[in-house]
Amino acid sequence: MLGRAADWVMERARGRPFEAFQIEVTSRCTLRCRMCPRAVLADSWPELDLSWEAFQRIARAFPQVQHVHLQGWGEPLLHPRLFEMIALAKGAGCRVGLTTNGMGLHRDARRRLLDLQLDLLSVSIAGVTRETHEHIRTHSDFSVILENIRHLLHARAGRAGKPTKVELSYLMTRTNMAELPQAVELAGSLGVDELYATNLDYLVAPAHQDLTAFGCIALRDEFARIMQESQDRAQRIGLVFRPYPLALEETAVCEAHPTRILFIACDGWVAPCTYLALPGQAQIPRWFEGRQVVVPAVRFGNVRDRDPLDIWNAPAYLEFRQQFSERRLGLAARALAAVSAGGSADSKMPPPPEPCRTCYKLYRI
């Protein structure tokens, strides 16, 4: 934690105040994952690629950005100019990463990613057996994904210079939690650098509530046992394992870090995060704590006609971020009150922006 804080301070001193730009380069994907809004909202979901011209406009700000991550609701390896995008961001001195479903990691793609010295590659899985994974990530081929990862790691081993960090991202659900310890073993046998286990944190349909592993009181003890076993196995084989919590706990600023990270959707709109800027959706449907809510899409400007830094500094965006800054100050004040004589830790943080109040990311999930 202290090391990350020191790195962040150093980057700011070097003139890179943005922790990251997250850029959704496409809304297209070859899969039909059960939990993805692409499947549920298929009738109104546009198939879009971020234009090269828009990306070049975004890139003007890259000298102020530490990390560029190419991820959204689509599969980045489908973008016809992805490798040029990576090269442009790397040329600006940014660390560059992407998240993929792994199906497109064929020989040429692997070679080009390694040639470009991509800093981070995260591959998403949802089980350790073909049946489990493909039931959730429909239209994928689990054996192909694993072979692609093996070939990539083998090719990486023969390269000089700083290696691409390869991670596995395991989506925890009620249907695959039992396989989490085996996912640790799989990650170790593949030789990836890290395994992290995520939650299904955006529920777009009522059926998704039955998929979530978090907040499940009936299975809480069993899931805690599975989590402990997974952590023990990771420690035993020397694997970095980073699981997300399974219990809700409100936080001042969510992991999307809207005060330090800027998100750009494939249609060019700048937004706080992927959850508030679904392509083609003026209203964002979600299920939260057993009830359906609809929040308006939050967009502050479009990079097709405005500079991203001008959008970032616009009054509406500043006001949105200020609410999180006030929450962070409120959390600090509450902590001080808890340790001071006669103080109380019961004071509440100021409320977050309205669209964020029914988002599980605000509760560390």
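Residues numbered from 1 in each chain as written. Predicted model: local features only at pLDDT ≥ 70, side-chain atom pairs only at ≥ 80, totals over all residues. Heavy atoms only, no water.

Side note on the overall build of the chain
Of regular secondary structure, the chain possesses eleven helices and twelve strands. A compact globule built from 365 residues would reach a C-alpha radius of gyration of about 21 Å, and the chain, at 20 Å, matches this within 12%. Viewed in the frame of its principal axes, the chain has a C-alpha envelope of about 60 × 50 × 45 Å. Burial status across the chain gives 53% buried among its 365 residues. Restricting the contact set of the chain to residue pairs at least 6 apart, pairs at least 24 apart contribute 73%. Working note: accessible area of the chain is about 16600 Å², and carbon and sulfur atoms make up 53% of it. (Helix = DSSP H or I, 4+ residues; strand = E, 2+ residues; numbered from the N terminus. Rg over C-alpha atoms; globule rule 2.2 N^0.38 Å. Buried < 20%, exposed > 50% of the residue type's maximum accessible area, 1.4 Å probe, protein only. Contact = heavy atoms within 4.5 Å. Areas by Shrake-Rupley, 256 points an atom, 1.4 Å probe, with all protein chains shown as cover.)

Here we look at the pairing of strand S5 (residues 165-172)
Among the eight residues that make up S5, seven are buried, leaving the element largely enclosed by the rest of the structure. Pairing of strand S4 (residues 120-125) with S5, which is carried by six bridges, proceeds in the parallel orientation. Each residue of the ladder has a partner; that of Leu 120, found in S5, is Lys 165. Bridging between S5 and strand S6 (residues 194-199) involves six bridges; their strand directions are parallel. What sits directly across from Tyr 170, in S6, is Ala 197. Remark: the S5/helix H8 (residues 180-190)/S6 crossover connection has right-handed handedness. (Pairing = 2+ DSSP bridges. Right-handed = clockwise from strand over helix to strand, strands pointing away.)

A few points about helix H7 (residues 142-157)
The terminal C-alpha atoms of H7, which comprises 16 residues, lie 23 Å apart, in line with the 22 Å expected from a rise of 1.5 Å per residue. Among the residues making up H7, those that are buried are Phe 142, Ile 145, Leu 146, Asn 148, Ile 149, Leu 152, Leu 153 and Arg 156. All buried residues of H7 project into a common sector of 160° when viewed along the axis, lining one side. On its buried side, H7 packs onto helix H5 (107-115), S4, helix H6 (130-136), S5 and H8. (Expected span 1.5 Å × (residues − 1). Arc of directions from axis to C-beta.)

Focus on the sheet that holds strand S9 (residues 269-271)
Neighbouring strands of a sheet are bound in pairs by backbone hydrogen bonds; such pairs are parallel or else antiparallel. Spatially, ten strands are ordered S7-S6-S5-S4-S3-S2-S1-S8-S9-S12 in an open sheet, and the strand pairing comes out mixed. Every interior strand has two partners, whereas the edge strands, strand S7 (240-243) and strand S12 (301-302), have only one. Packed onto the sheet, H8 meets S4, S5, S6 and S7 and runs at close to 165° relative to S5. (Axes fitted to C-alpha atoms, helices over the stretch in contact; angles between N-to-C directions.)

Points about the environment of Leu 146
Looking at the element boundaries, Leu 146 is found in helix H7. Using a relative accessible area of 10% as the deciding quantity, one classes Leu 146 as buried. Excluding its chain neighbours within four sequence positions, the residues that come into contact with Leu 146 are Leu 186 and Leu 190.

Focus: the state of the cysteines
Applying the stated rule across the entire model yields zero disulfides. Free cysteine: Cys 33, not disulfide-bonded; nearest cysteine sulfur from Cys 29 at 6.1 Å. Cys 36 provides the cysteine sulfur closest to Cys 266, a residue in no disulfide bond, and the two sulfurs are 12 Å apart. Residue class for Cys 266 comes out buried when judged on its relative accessible area of 4%. (Disulfide = S-S within 2.5 Å.)

Description of the layout of surface pockets
Counted as a void, the second largest pocket has a volume near 270 Å³. Taken together, 13 residues form the lining of the second largest pocket, with Arg 220, Ala 224, Pro 245, Leu 246 and Ala 247 sitting closest to its centre. Element by element, the count of residues in the lining of the second largest pocket is highest for helix H9 (residues 220-237), at four residues. Split into classes, the residues belonging to the lining of the second largest pocket amount to eleven nonpolar, one polar and one charged. (1 Å grid on protein atoms, 1.4 Å probe; cavity = no way out; pocket = protein on both sides within 12 Å on 5 of 7 lines; lining within 4 Å. Points joined across faces, edges and corners; volume = space filled by probe spheres on them. Nonpolar A, V, L, I, M, F, W, Y, C, P; charged D, E, K, R; others polar.)

Some thoughts on the confidence of the model for the chain
With 92% of its residues at a pLDDT of at least 70, the chain reaches an overall mean of 93. A low-confidence stretch, residues 1-13 (pLDDT under 50), is modelled with seven contacts involving residues beyond four sequence positions or located in other chains. (pLDDT = per-residue confidence, 0-100.)

Some remarks on the pattern of salt bridges
Per the stated rule, a full pass over the model turns up 24 salt bridges. With a closest N to O distance of 2.6 Å, Arg 111 and Asp 108 form a salt bridge. Here Arg 111 pairs with Asp 108, and both are found in helix H5, just three residues apart, close to one helical turn. According to the relative accessible area criterion, Arg 111 is partly exposed, its value standing at 40%. (Salt bridge = Lys/Arg side-chain N within 4 Å of Asp/Glu carboxyl O.)

Examining helix H3 (residues 52-59)
Within H3 the residues assigned to the buried category are Trp 52, Ala 54, Phe 55, Ile 58 and Ala 59. Buried residues of H3, seen end-on, are gathered within an arc of 160° and therefore sit on one face of the element. Elements that come into contact with the buried residues of H3 comprise strand S1 (18-23), strand S2 (65-70), helix H4 (82-91), strand S8 (261-264) and helix H10 (308-312).

Let's talk about empty space enclosed by the protein
Counted according to the given criterion, the structure contains two cavities of 30 Å³ or more. Estimated volume of the largest cavity: approximately 90 Å³. In this structure, the largest cavity is lined by Cys 254, Ala 256, Pro 258, Pro 272, Cys 273, Tyr 275, Leu 276, Arg 286, Cys 356, Cys 359, Lys 361 and Leu 362. A volume near 40 Å³ is recorded for the second largest cavity. In terms of lining residues, the second largest cavity is bounded by Asp 201, Tyr 202, Leu 203, Tyr 275, Arg 286, Trp 287, Thr 358, Cys 359 and Tyr 360. Residues that form the lining of the second largest cavity fall into these classes: six nonpolar, one polar and two charged.

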